[in-house]
Amino acid sequence: MSATLSITGGERRVFTARLAALPATATFIDAFCARCGFGSADALRLTLIVEELFTNSVVHGYGGDCDAPIEVALAGDGGEITLLYEDAAPPYDPLSAFAQAPDHLHGSVESRPTGGLGIHLVRELAESARYAREAGRNRLWLRMVCQR
């Protein structure tokens, strides 16, 4: 999938990379889901995904609150929602980083490495995921099958 094919027929919004913008992302998602007829359970799942990605972008990607952009694009097609999440932080592929990370899911809490569970949660909540670094941006496409 090319960046030029990102998401068509959907809604797109750019947020400032500040944790204080998280409520605005949830409002955007809720309004999109309501307009497209997706239920509250799907809106909550999508909100959790975006909150995790957004927090990681601000805290780890940008190193804290700043005025850099984070773009969220959503499209609904039948019983699916496609999310395109983009930031301009330094290159980072969360999908391969988690795949290559130590085991985050087994063993005692004390023996597990810190971090990494958020992207695991994102992957579990999405039907499919793909990352690309294009035009100086981290781009993550996620497809979520909805319950309607």
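The rules behind these values
Residues numbered from 1 in each chain as written. Predicted model: local features only at pLDDT ≥ 70, side-chain atom pairs only at ≥ 80, totals over all residues. Heavy atoms only, no water. Salt bridge = Lys/Arg side-chain N within 4 Å of Asp/Glu carboxyl O. Helix = DSSP H or I, 4+ residues; strand = E, 2+ residues; numbered from the N terminus. Buried < 20%, exposed > 50% of the residue type's maximum accessible area, 1.4 Å probe, protein only. Expected span 1.5 Å × (residues − 1). Arc of directions from axis to C-beta. Contact = heavy atoms within 4.5 Å. Core = buried A, V, L, I, M, F, W, Y, C linked by side-chain atoms within 4.5 Å. Phe/Tyr/Trp six-rings, centres within 6.5 Å; stacked < 30°, edge-to-face > 60°.

Draft legend 1. Inspection of the pattern of salt bridges at higher detail. Applying the stated rule across the entire model yields 9 salt bridges. Note that Arg-45 and Asp-42 form a salt bridge whose closest N and O atoms lie 3.2 Å from each other. Here the residue Arg-45 and the residue Asp-42 both occupy positions in helix H2 (residues 40–61), the gap between them amounting to 3 residues, near one helical turn. Looking at Arg-45, the relative accessible area reads 18%, which means it is buried. For Glu-71, the salt bridge identified is with Arg-137, shortest N-O distance 4.0 Å.

Draft legend 2. Quick peek at helix H1 (residues 22–36). Helix length check: H1 (15 residues) gives 21 Å between terminal C-alpha atoms against 21 Å at 1.5 Å per residue, within 8%. Turning to H1, its buried residues are Leu-22, Thr-25, Ala-26, Phe-28, Ile-29, Phe-32 and Cys-33. Buried positions in H1, seen along its axis, are confined to an arc of 160° and lie on one side of it. Exposed and facing more than 90 degrees away from the buried side of H1 are Pro-23, Thr-27, Ala-34 and Arg-35. As for H1, its buried residues are in contact with strand E1 (11–16), H2, strand E2 (69–77) and strand E3 (80–87). Backbone geometry just downstream of H1 places Gly-37 in the positive-phi region, at approximately 80°.

Draft legend 3. Expanded view of the nonpolar core. Formed by 35 residues in total, the largest nonpolar core has its most connected members in Leu-53, Leu-74, Ile-81 and Leu-83. The set of elements that each furnish at least two residues to this core consists of H1, H2, E2, E3, helix H4 (117–125) and strand E5 (137–145). Of the residues forming this core, the biggest block, 7 residues, is contributed by H2. Setting aside chain neighbours within four positions, we find Ile-81 in contact with Phe-32, Cys-33, Phe-38, Leu-46, Leu-74, Ala-75, Gly-76, Leu-142, Arg-143, Met-144 and Cys-146.

Draft legend 4. Focus on the packing of aromatic side chains. All chains considered together, the criterion is met by 3 aromatic pairs. Where Phe-15 meets Phe-54, the ring centres are 6.4 Å apart and the plane angle is 85°; that geometry is what we call edge-to-face. Pair noted here: Phe-15 is in strand E1 and Phe-54 is in helix H2, with a separation of 39 residues, a long-range link. Between Phe-32 and Phe-38 the ring centres are 6.3 Å apart and the planes differ by 20°, which places this aromatic pair in the stacked class. Phe-32 sits in the buried class, given a relative accessible area of 1%.

Draft legend 5. Examining H2 more closely. Between its first and last C-alpha atoms H2 spans 30 Å; for 22 residues at 1.5 Å apiece the expected length is 32 Å, and the two agree. Burial in H2 covers these residues: Asp-42, Ala-43, Arg-45, Leu-46, Thr-47, Ile-49, Val-50, Leu-53, Phe-54, Ser-57 and Val-58. A positive phi of about 80° marks Gly-63, the residue just after H2.

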